[in-house]
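Residues per chain are reported as follows:
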Amino acid sequence: MAGARLWKALFVLFVSLAMVTVPIVSAGTEASSGGQFSIGAVAPQVTDVKFYLDDHTTQTTSATPGNAYWIDITISDVNTMDDIKEITIWFYYDTNNTKVGPLPAGDTDPSSYVILKYVRTPFSDQPGTWKFYDATGNEIGTTFGTWQIISQVDPQTWDQSTGTFSVEIIVGKVAREANDGIAGGDWDFQVKVVDNEALESNVYTGYGYTVNWYGEIWVTSSFAFGTVSPQSNDNPLTSPSTGYLDVYVISNGNYDVNVKSDATWTGVNNNSRTVSVVTATPGDKQILLKINTNNDPSTAGAIASTYTLWLDNQAGPTQDGDASAGQGAHHYAYMWLDVGSNIDQDTYVGHVYFQVTNA
């Protein structure tokens, strides 16, 4: 009986120890916490800039003032083209044609510095407008001197991540010459894009663009020496009464002005009566025309029947504008007439021509 009680006690102890080793139930072995993150707006980027002739097909790096050209700006923006707010083009003359120079320190000038800016309302599915601006951000308009904005092409769809914005311009008449083979200057550009979140692209740059020489000239349309006597010298102009012709020149670089006369002047009442233009003392049925820039016939040069130099290496660029409207560089052409012998009585007519050329 004692052995049975011992076995029973051991069994109870074993059961009690077994119950102690049973794990206690817990809340779990894993837990989680909710989180989030956002993708912010990404700045747009200019990926390419190209210049074209007016056909918008032929690429070029050279421009002639007064002609039209296209500028194409290709942009990428993961937030789509509808995110684009502004595009700015700085186009300027630089004396070093081996690299991109810094932006000019002064304000815009039609001869050396223009700023074009495109402004639109983002996420409107609508195009913006191109205007000229000054260096402090003030809008000038679609003309700046003789520079003009004449057309534009925008992306066909606004929900794409890449697109091309195009603007057609006429290069101003006095855009500084940068193609003379002497000076080391060129035209540089910088382009920047801003999006709806005011994020700016890196500045896209280019250099090595040339501008060809340009010139135009206007002169008083008529003149007269009045009634003169045979074998008389230094007869001044009677019309205009000032004694000179007004000569206006527009040019984007240094220039010469050449002058010539018709070889023969003809009678009005009888066109068989003629006189010949010579460059020395006139003789039988001959005349000598003389010109200079001051009212002194003793220093005047002869006008030949072929173009000869009158004004040498005049400084440009000139003032911008229209020569026929009296704008640009103003020169005074004083003229005199020496008359030979045996010239029939009549009124004789002819022309004096003025030509502007690259100096």
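Above this text is the structure in question.
Just so we're clear, the structure is a prediction, and the values are computed from it rather than from any experiment. (Residues numbered from 1 in each chain as written. Predicted model: local features only at pLDDT ≥ 70, side-chain atom pairs only at ≥ 80, totals over all residues. Heavy atoms only, no water.)

Draft legend 1. Just the layout of surface pockets, in detail. In this model, the largest pocket occupies a volume close to 700 Å³. Along its surface, the largest pocket is lined by 30 residues, and Gly226, Trp265, Leu337, Thr347 and Tyr348 are the ones closest to its centre. For the lining of the largest pocket, the secondary structure elements donating two or more residues are β19 (286–292), β22 (329–339), β23 (348–349) and β24 (352–358). Partitioning the lining of the largest pocket into residue classes produces 18 nonpolar, 10 polar and 2 charged. (1 Å grid on protein atoms, 1.4 Å probe; cavity = no way out; pocket = protein on both sides within 12 Å on 5 of 7 lines; lining within 4 Å. Points joined across faces, edges and corners; volume = space filled by probe spheres on them. Helix = DSSP H or I, 4+ residues; strand = E, 2+ residues; numbered from the N terminus. Nonpolar A, V, L, I, M, F, W, Y, C, P; charged D, E, K, R; others polar.)

Draft legend 2. A look at the sheet that holds strand β5 (residues 113–119). Pairing is mixed across the open sheet formed by 7 strands, whose spatial order is β2-β12-β11-β4-β5-β6-β7. Pairing within the sheet leaves two strands with one partner each, and these edge strands are β2 (62–63) and β7 (139–141). Pairing between β5 and strand β6 (residues 129–133): 5 bridges, direction antiparallel. By the bridge assignment, Leu116 is partnered in β6 with Phe132. (Pairing = 2+ DSSP bridges.)

Draft legend 3. Molecular detail of the environment of Asp54. When you line up the elements, Asp54 lands in the loop between β1 (45–53) and β2. Assessed through its relative accessible area of 45%, Asp54 is described here as partly exposed. Along the chain, Asp54 and Ile71 lie 17 residues apart, while their C-alpha atoms are 10.0 Å from each other. Discounting chain neighbours no more than four positions away, the residues touching Asp54 are Ala68, Trp70 and Glu168. (Buried < 20%, exposed > 50% of the residue type's maximum accessible area, 1.4 Å probe, protein only. Contact = heavy atoms within 4.5 Å.)

Draft legend 4. Region of interest: the pairing of β6. Pairing of β6 with β7 involves 2 bridges; the strand directions are antiparallel. Looking across to β7, one finds that Tyr133 is bridged to Glu139. Hairpin connection between β6 and β7: a loop of 5 residues separates the two successive antiparallel strands, and Gly137 in this loop has a positive phi of roughly 95°.

Draft legend 5. The pattern of salt bridges, seen in detail. Counted under the stated rule, the structure contains 9 salt bridges. The partner of Asp82 in a salt bridge is Arg120, with the nearest N and O atoms 2.7 Å apart. Of the two residues, Asp82 sits in the loop between β3 (68–76) and β4 (84–94) while Arg120 sits in the loop between β5 and β6, which places them 38 residues apart along the sequence. By relative accessible area, which is 7% here, Asp82 ends up buried. A salt bridge links Glu139 to Lys131; its shortest N-O distance comes to 3.1 Å. For Glu139, a relative accessible area of 48% translates into the label partly exposed. (Salt bridge = Lys/Arg side-chain N within 4 Å of Asp/Glu carboxyl O.)

Draft legend 6. Structural context of the nonpolar core. Within the largest apolar cluster, 35 residues are counted, with the highest numbers of intra-cluster contacts made by Ile73, Ile87, Trp130, Trp147 and Trp187. At 5 residues, β4 tops the list of elements feeding residues into this core. (Core = buried A, V, L, I, M, F, W, Y, C linked by side-chain atoms within 4.5 Å.)

Draft legend 7. Representation of the packing of aromatic side chains within the structure. Inspection of the entire model under this criterion finds 21 aromatic pairs. An angle of 50° between the planes, with centres 5.5 Å apart, marks the rings of Phe51 and Phe189 as tilted. Residue Phe51 is found in strand β1, and its partner Phe189 is found in strand β11 (residues 186–195); the two are separated by 138 residues along the sequence. On the accessibility criterion, Phe51 (8% relative accessible area) is buried. Take Phe189: its relative accessible area is 2%, and that puts it in the buried class. Grouped by ring-pair contacts, the aromatic residues Phe51, Phe91, Tyr93, Trp147, Trp187, Phe189, Tyr204 and Tyr209 constitute a single cluster. Sitting above the plane of the Tyr133 ring, Lys117 keeps its charged end 4.9 Å from the centroid. Lying across the ring of Tyr93, Arg176 places its NZ or CZ 5.3 Å from the centre. (Phe/Tyr/Trp six-rings, centres within 6.5 Å; stacked < 30°, edge-to-face > 60°. Lys NZ or Arg CZ within 6 Å of the ring centre and 35° of its normal.)

Draft legend 8. Focus on the sheet that holds β1. Spatially, 5 strands are ordered β1-β3-β10-β9-β8 in an open sheet, and the strand pairing comes out antiparallel. Each having just a single partner strand, β1 and β8 (143–144) make up the two edges of the open sheet. As paired elements, β1 and β3 share 8 bridges and run antiparallel to each other. Looking at β3, one finds that Tyr52 is bridged to Trp70.

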